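Notes for the structure review
So you can see what is in the structure, the chains are spelled out below.
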Amino acid sequence: MQACHEDMNGSAVVLGILAVASKLKLPVALEGWVALAENHISPQAYRQNEVITALNGTTIEVVHTDAKAACACRHAHPGSQRQADLIADFATLTGSMHYALGSRMSGVFATSSALAHQASRAATASGERIVVFPYPEDYDSSLDSTVADVKQCSMEGEADHILATRFLSRFVGDTPWLHMDLSAHSCKGGLAR
């Protein structure tokens, strides 16, 4: 749990987007969900190998106890309150993305190539560096569980960034979705213009 106080970059991005959109009085309706949790050792904390039930009824076998992004995605799910035109989530989700790209780029996953291209154009315009990754369905078998609907992740560590995206995709329904794994969050000095 060392340095977990820094594990808030996804929520910080969401708050930053809301603050800028408000300051610029952009003519858009935005709703932001931030996953706030204290990583703490206690008898009430969920533990590895427990089965928990998400708000949408999905049962999840807990493999790693540091996971908050699915909570925010579930609340943004169109079936939970209202229909969204787009769900965009930002998370410092996986170490494998950092190993794939280092600290100067972030990885992006999108439900369509048009959305991926739109994200790439926006990143270029703002001076950010992103790489679009696929997340094919055949990776789902790595999340098969014998005790729940799905495992939260695998212990093998292979393609964690893709597996995490496959896991999160279960909570966004059919809504167009953009997931950014913020591996560049630790780049000293930043990259944007």
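Residues numbered from 1 in each chain as written. Predicted model: local features only at pLDDT ≥ 70, side-chain atom pairs only at ≥ 80, totals over all residues. Heavy atoms only, no water.

**Side note on the overall build of the protein**
The helix and strand tally for the protein stands at five helices and seven strands. Along the protein, helices and strands appear, N-terminal first, in the series α-β-β-α-β-α-β-α-β-β-α-β. Taking all 193 residues of the protein together, 37% fall into the buried category. With an accessible surface of roughly 11600 Å², the protein has 54% of that area assigned to carbon and sulfur atoms. (Helix = DSSP H or I, 4+ residues; strand = E, 2+ residues; numbered from the N terminus. Buried < 20%, exposed > 50% of the residue type's maximum accessible area, 1.4 Å probe, protein only. Areas by Shrake-Rupley, 256 points an atom, 1.4 Å probe, with all protein chains shown as cover.)

**Quick notes on the sheet that holds strand β6 (residues 150-151)**
One open sheet holds the three strands; their spatial order is β1-β2-β6, and the pairing between them is mixed. Across the chains shown, the open sheet's two edge strands, defined by having one partner strand only, are β1 (51-53) and β6. By the bridge criterion, three bridges tie β1 to strand β2 (residues 59-61) in an arrangement that is antiparallel. Residue pairing in the sheet places Ile 52 in a bridge with Ile 60 of β2. (Pairing = 2+ DSSP bridges.)

**A closer look at the sheet that holds strand β3 (residues 87-91)**
What links the strands of a sheet is backbone hydrogen bonding, and the strands pair in either a parallel or an antiparallel sense. Taken in spatial order, the four strands of this open sheet run β3-β7-β4-β5, and their pairing is mixed. Unpaired on one side and paired on the other, β3 and β5 (130-132) mark the two borders of the sheet. Neighbour to neighbour, the strand axes of the sheet diverge by 20° on average, direction disregarded. Two elements, strand β4 (residues 106-110) and β5, share three bridges in a ladder whose sense is parallel. (Axes fitted to C-alpha atoms, helices over the stretch in contact; angles between N-to-C directions.)

**Some remarks on helix α5 (residues 160-169)**
With nine of ten residues buried, α5 lies mostly within the body of the structure. Turning to α5, its buried residues number three or more, namely His 161, Ile 162, Leu 163, Ala 164, Thr 165, Arg 166, Phe 167, Leu 168 and Ser 169.

**As for a nonpolar patch on the surface**
On the surface, Ile 17, Val 20, Leu 24, Leu 26, Val 28 and Leu 30 cluster together into a nonpolar patch covering about 540 Å² of accessible area. With respect to the element layout, Ile 17 can be found in helix α1 (residues 9-23). (Patch = residues over 30% accessible without salt bridge, like charges linked within 9 Å, V, L, I, M, F, W, Y side chains within 5 Å. Salt bridge = Lys/Arg side-chain N within 4 Å of Asp/Glu carboxyl O.)

**Thoughts on the nonpolar core**
Considering soluble globular proteins, one finds that nonpolar side chains tend to be buried as a cluster. Ile 60, Phe 109, Phe 167 and Trp 177 are the most contacted members of the largest nonpolar core, which totals 18 residues. Those elements that place two or more of their residues in this core are α3 (95-101) and α5. The element best represented in this core is α5, accounting for four residues. Of all hydrophobic cores here, the second largest spans twelve residues; its members include Val 108, Ala 110, Ala 116 and Leu 182. (Core = buried A, V, L, I, M, F, W, Y, C linked by side-chain atoms within 4.5 Å.)

**Concerning unusual backbone geometry**
Negative phi is the rule for most residues except glycine; trans is the rule for most peptide bonds. Phi at Asn 49 is positive, roughly 80°, even though this residue is not glycine. For Asn 49, the position within the fold is in the loop between α1 and β1. A positive phi is found at Ala 159, a non-glycine position, where the angle reads about 55°. Within the element layout of this structure, Ala 159 appears in the loop between β6 and α5.

**Here's the deal with the packing of aromatic side chains**
Throughout the structure, instances matching the rule amount to four aromatic pairs. Judged by centre distance (6.2 Å) and plane angle (85°), the rings of Phe 109 and Tyr 135 are edge-to-face. Here Tyr 135 lies in the loop between β5 and β6 and Phe 109 lies in strand β4, a separation of 26 residues in the sequence. Tyr 135 shares its class with Phe 109; the two are buried. Among the aromatic residues, those joined into a cluster by ring pairs are Phe 109, Phe 133, Tyr 135 and Trp 177. (Phe/Tyr/Trp six-rings, centres within 6.5 Å; stacked < 30°, edge-to-face > 60°.)

**Some words on the environment of Ile 17**
Using a relative accessible area of 38% as the deciding quantity, one classes Ile 17 as partly exposed. In this structure the C-alpha to C-alpha distance between Ile 17 and Leu 30, which are 13 residues apart in sequence, comes to 9.2 Å. Discounting residues that sit within four places of it in the chain, Ile 17 has contacts with Leu 30 and Phe 90. (Contact = heavy atoms within 4.5 Å.)

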